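What the coordinates show
The residues making up each chain are set out below.
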Amino acid sequence: MPRSIDVKQAILATVISVEKQSLDSVMVKLQSDSLEDAAEIVSTGLNCEQSNKRFGSRLEVTCKGDPKAEPGDKVPVVVWAVKQA
């Protein structure tokens, strides 16, 4: 009988937008089809990451300060993925 194994892995997501939220807060929206298969988001390669929310293949990351990202950039996202053994 197959069992699942949690595996930490890094995937690349594309920055689709960077929006200023307040004087010191920026929302970065990322997209990658691989995000849909992730059990949990661990972290991203964005500077000053404060929090994140996933919506299917999209990820919204709130950063305090300059995330040093622009639309079209590729950003690593570390996730817990579930693999079948």
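These notes cover the structure that comes with them.

Reading the values: rules and limits
Throughout this document, residue positions are counted from 1 along each chain, in the order its sequence is written. Selection of residues for local features in this predicted model requires a pLDDT of at least 70, selection of side-chain atom pairs for listing and counting requires 80 or more, and totals for whole chains, interfaces and linings are taken over all residues. As a rule here, side-chain values cover all heavy atoms of the structure and leave hydrogens and water aside. We call a pair of cysteine sulfur atoms a disulfide when they lie within 2.5 Å. Here a salt bridge means any side-chain nitrogen of Lys or Arg lying within 4 Å of a carboxyl oxygen belonging to Asp or Glu. Numbering goes from the N terminus for both helices and strands, where a helix is a DSSP run of H or I of at least four residues and a strand is a run of E of at least two. Only protein chains enter the area calculation, which uses a 1.4 Å probe; residues under 20% of their type maximum are buried, those over 50% are exposed, and those in between are partly exposed.

Details of the state of the cysteines
- One pass over the full model with this rule turns up 0 disulfides.
- Here Cys48 is not disulfide-linked; the sulfur of Cys63 is the nearest cysteine sulfur, at 6.7 Å.

Let's talk about the pattern of salt bridges
- As enumerated under the stated definition, the model contains 3 salt bridges in all.
- Ionic pairing is found between Asp24 and Lys64, a salt bridge with its closest N-O pair at 3.2 Å. With Asp24 in the loop between β1 (4–22) and β2 (25–31) and Lys64 in strand β5 (residues 58–64), this pair connects stretches of sequence that are 40 residues apart.
- Classification of Lys64 by relative accessible area gives partly exposed; the value is 45%.
- In this structure, the salt-bridge partner of Glu60 is Lys29, at a minimum N-O distance of 3.9 Å. Within this pair, whereas Glu60 is found in strand β5, its partner Lys29 is found in strand β2, the two being separated by 31 residues in sequence.
- Looking at Glu60, the relative accessible area reads 22%, which means it is partly exposed.
- Assessed through its relative accessible area of 25%, Lys29 is described here as partly exposed.
- Each of Glu19, Lys29 and Glu60 takes part in one network of salt bridges that share partners.

Any functional reading would require information that these geometric values do not contain.
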